[in-house]
Structures are given as structure tokens and as C-alpha cells.
Amino acid sequence: MGKIKLKGTKTFGKVLLVILLILIIIIGICVGIGIWYVNDKLGKVNYVEIASSEIEVTEGVKEKMAGYRTIAIFGVDSRSNELVTGTRSDCIILAVINEKSKEVKLASVYRDTYLELTGRSLDKVTHAYAYGGAALAMSTLNTNLDLNITEFVTVNFESVVDIVNAVGGISINITNEELKYINGYIDEINNVTKNSASHITKAGTQTLNGVQALAYGRIRYTAGGDYKRTERMRDVMMAVVNKAKRMSVGQLNKLADTLLPKIYTNINSGEIISLIPQLVGYKITDSTGWPYNTKGATINGVWYGPPITLESNVKELHEKVYGQTGYEPSQKVKEISAKIVKKTGYN
């Protein structure tokens, strides 16, 4: 598989946006224009084929997940200018589509979560993408969370700046605590992206441009740390989607031209086009972070975020996000959960 290079960037790797790509852009482009035009647009996407044999799914889970389509969104640390492998996934978001109700729920998996990387050892989930790209990252999510993920979208942090600017900015409430940190991030992002966005001078609800919105999503030193940062990423995503819903076909066309070449995915144009008749009724109904119960642990001098316990957190995920009341985690999840308890002592 050939390597896909991007223009040099500094570390970060945040949100963007299979939700916008599939649920918004394609709908807008299709209105009155035609499938041939969509094919042309989707030809701009960096597509890769991943064999099903490369993605591990625990036996019996596929049947349990019938009726749901879960797409993994990876925002990668792009210091090495790579979207394929060798880079950590700073942002992991599960886009969970209920194919019957047309509801979409977003679940962020915290990057430092202590899980078993498929075929390897216990480690931060963010490292799965670095070691084995999207295939290993999806396999790790599947075997630890009892999921059947076979589709992914990967983006780099520059996309956040471009897409927020393309929708004309987003409305975000900046707290006094966030105000203390956001301008330092703005300066850093301006330097990396060669922009000149101004500082935020006051707290309160205001319209942020791309650099400012990215800076907001990067803040991690307020109360809540990385967990709150992940929440901010989802807030940016939701604000972009809501803004894009009100855009004209012409504006969405421009947005697509900006965004699509920066996306790396195994969802081909035929699969996306086949979804079009269903997409009009889709709506995002919930956004959450996972694991629900976690506690920091230092192991061999490295900080991790183990779930307490993996088994109970997986059960809660399936009940809250997938509506599976009384869900019983697989034996595989129970085994990994026991390994984490043994390693950390947290039970």
C-alpha cells in the first residue's frame, strides 16, 4: 500500500468529519445535480482497500451488532506527515448509525485508554494506529469493546481549520478558564498553518474561525483534562454539522472541494452513493465520551487511563449507545478486563 503524504504539519490530529462527509455534503451535492457529479467529487478522496481478514471481530459479535453501522473516525498526530501508519490517533470517535431509527450517536474513545492492542500487549489505544494503521486500530476497538467496525475515516488537524472557515465559523461558548489557554494555542496554530487569526479577548458565546475553533478543541489543562478536551472536539463537530445543514448546494460544493482530498478512508464511492436514499432522515441525537468510569494509573513510569472495569464499561456502552438492555460482554472482553485489573489493581 502506497504512502499518502500531506503538507508538513505540527502534532495534533483532531476531528473531521465522516459525519459531514456522508450525512451533509453528499446530501447537499445530490440535490438536483445527480450521481455522476457525486462520483466526481468522491474521486478526490484518498481511498484504500482493507481486506476483511485484516480486521479482527470477536466471534458472535457481528450477529449481536446487526442493525447498527459503526464508523471509526481517526484524527492523527501528523508530525511524520502520514495518514496511513506510524502516527498516533489523538482523536478517536465512533459514529454509531442506527439503521432502523436513522439516529446517529457519537462516542469519543479517550486516547490514553488502557486496552489490549490486538495481537500485542496492553497499551494506550492511541498507539494502535501508530503500530498497525486503521486495520489494527479497528481490530483493537472491536476486540476490546465488542464491536463490528469495518469502516474508517482518517484526517489531519489542518482539516479542522479549513472546514470551520468553509462554513463561515461556528458559535462556541468560551469560559473564563478556557480563555486562559486558548490564545497560546491560537499562536501555535497560526505559526504551523501560516494563518493570522486574532486572539480571543473575552469569555462568552462568540463566532470562532478555523484557527480559533481548532485552538478551542486543543485545550486540555482545564478541569477535566483530556476528557474535557475530547468533549470540546465533539462540540466543534456538532457545531460544524449544524452550520452545514443551513448551507446552499454551492457552498457545500466548495466545502467538498476543500475537505475531500484530505480524507483517507476505506469507504468507497459506491458504498457512499448507496447510502444516499437513506441519509436524508439521519440525525445526530447524542454525544458522549468513553470509558464512563476510568482512573489514571502510572505503570513503569507511563501514565494510562484504564477503564474501571473494561467489562462494566463495555456493558454500559452497549446499553447506552446501542440500546442493548442487559448486554453481556463477550468472553474476550472479560479476559482483557481481568488482565487490566491484574496489571493496575483497579477493580
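Located above this text is the structure these notes cover.
Remember, predicted model here, so these are calculated numbers, not experimental data. (Residues numbered from 1 in each chain as written. Predicted model: local features only at pLDDT ≥ 70, side-chain atom pairs only at ≥ 80, totals over all residues. Heavy atoms only, no water.)

J.: How do you make sense of unusual backbone geometry when you look at a structure like this?
T.: At the junction of W290 and P291, the peptide bond is cis and its omega measures out at 5° in the coordinates. With respect to the secondary-structure elements, P291 resides in the loop between strand 11 (283-290) and strand 12 (297-299). The linkage connecting I308 with the following residue, T309, adopts the cis geometry, with an omega of -15°. Within the secondary structure, T309 is located in the loop between strand 13 (302-304) and helix 11 (310-320). Even without being glycine, K102 reaches a positive phi, approximately 70°. Along the chain, K102 turns up in the loop between strand 3 (89-98) and strand 4 (103-109). The phi dihedral of N300 falls on the positive side, at around 55°, and the residue is not glycine. (Helix = DSSP H or I, 4+ residues; strand = E, 2+ residues; numbered from the N terminus.)

J.: Looking at this model, I keep getting lost on the packing of helix 11 against helix 12 (residues 331-344). Mind explaining?
T.: Two quantities define a packed helix pair, namely the angle between the axes and the distance from one axis to the other. Following both chains from N to C, one finds helix 11 and helix 12 inclined at 135°, their axes separated by 8 Å at the closest point. Considered as vectors, helix 11 and helix 12 are oriented oblique to each other. Facing L310, E311 and V314 of helix 11, the residues of helix 12 in contact are V333, K334, I336, S337 and I340. Of the residues belonging to the contact of helix 11 with helix 12, the class tally is five nonpolar, one polar and two charged. (Axes fitted to C-alpha atoms, helices over the stretch in contact; angles between N-to-C directions. Parallel < 35°, antiparallel > 145°, perpendicular 65-115°, else oblique. Contact = heavy atoms within 4.5 Å. Nonpolar A, V, L, I, M, F, W, Y, C, P; charged D, E, K, R; others polar.)

J.: Just checking my understanding: could you explain the nonpolar core for this structure?
T.: Within soluble globular proteins, side chains that are nonpolar generally end up buried alongside one another. Judged by nonpolar contacts, the single largest core of 48 residues is most densely connected at I170 and I182. No other element matches the seven residues that helix 8 (residues 225-244) contributes to this core. The next biggest cluster of nonpolar side chains, apart from the first, holds 43 residues, and it includes V96, V109, V125 and Y327. (Core = buried A, V, L, I, M, F, W, Y, C linked by side-chain atoms within 4.5 Å. Buried < 20%, exposed > 50% of the residue type's maximum accessible area, 1.4 Å probe, protein only.)

J.: Mind showing me how you'd approach the side chain of T140 here?
T.: Its place among the elements puts T140 in helix 4 (residues 126-145). Those residues in contact with T140 that sit more than four places away from it in its chain are E116, L117, T118, V125 and A128.

J.: Sorry, what's going on with the side chain of N98 here?
T.: When you line up the elements, N98 lands in strand 3. A distance of 3.0 Å separates the side chain of N98 from the backbone nitrogen of K100, its partner in a polar contact. N98 has contacts with G67, Y68 and E103, leaving out every residue within four places of it along the chain. (Polar contact = N/O pair within 3.5 Å; in protein donor to acceptor, adjacent residues only side chain to side chain.)

J.: Teacher, can you tell me more about the pattern of salt bridges here?
T.: Oppositely charged side chains can pair when the atoms bearing their charge come close. If you walk through the whole model with that rule in mind, you get 10 salt bridges. The salt bridge partner of E151 is R69, with a shortest N-O separation of 2.3 Å. Placement of the pair is E151 in strand 7 (residues 151-155) and R69 in strand 2 (residues 68-76), with a sequence separation of 82 residues. R69 carries the same exposure label as E151, and that label is buried. (Salt bridge = Lys/Arg side-chain N within 4 Å of Asp/Glu carboxyl O.)

J.: Got a minute to help me understand the pairing of strand 2 in this structure?
T.: On any regular strand, side chains alternate: one points to one face of the sheet, the next to the other face. For strand 2, the tally of buried residues reaches eight of nine residues, placing the bulk of the element in the interior. Judged from the five bridges that link them, strand 2 and strand 7 form a sheet pairing that is parallel. Within strand 7, the position partnered with A72 by the bridge is F152. (Pairing = 2+ DSSP bridges.)

J.: Looking at this model, I keep getting lost on the packing of aromatic side chains. Mind explaining?
T.: The description of an aromatic ring pair rests on the distance of the ring centres and on the angle between the ring planes. All told, the structure shown has five aromatic pairs when counted by the stated rule. Summarising the aromatic geometry, the rings of F152 and Y264 are spaced 5.4 Å apart at their centres and angled 70° between planes, so their arrangement reads as edge-to-face. With F152 in strand 7 and Y264 in strand 10 (residues 264-265), this pair connects stretches of sequence that are 112 residues apart. Relative accessible area serves as the criterion here: at 0%, F152 is assigned to the buried category. Clustering of aromatic rings is evident, with ring pairs tying together F74, Y129, F152 and Y264. Just above the ring of Y131 sits the side chain of R120; from NZ or CZ to the centre is 4.1 Å. Over the ring of Y292 we find K320; its NZ or CZ atom is 4.6 Å from the centre of that ring. (Phe/Tyr/Trp six-rings, centres within 6.5 Å; stacked < 30°, edge-to-face > 60°. Lys NZ or Arg CZ within 6 Å of the ring centre and 35° of its normal.)

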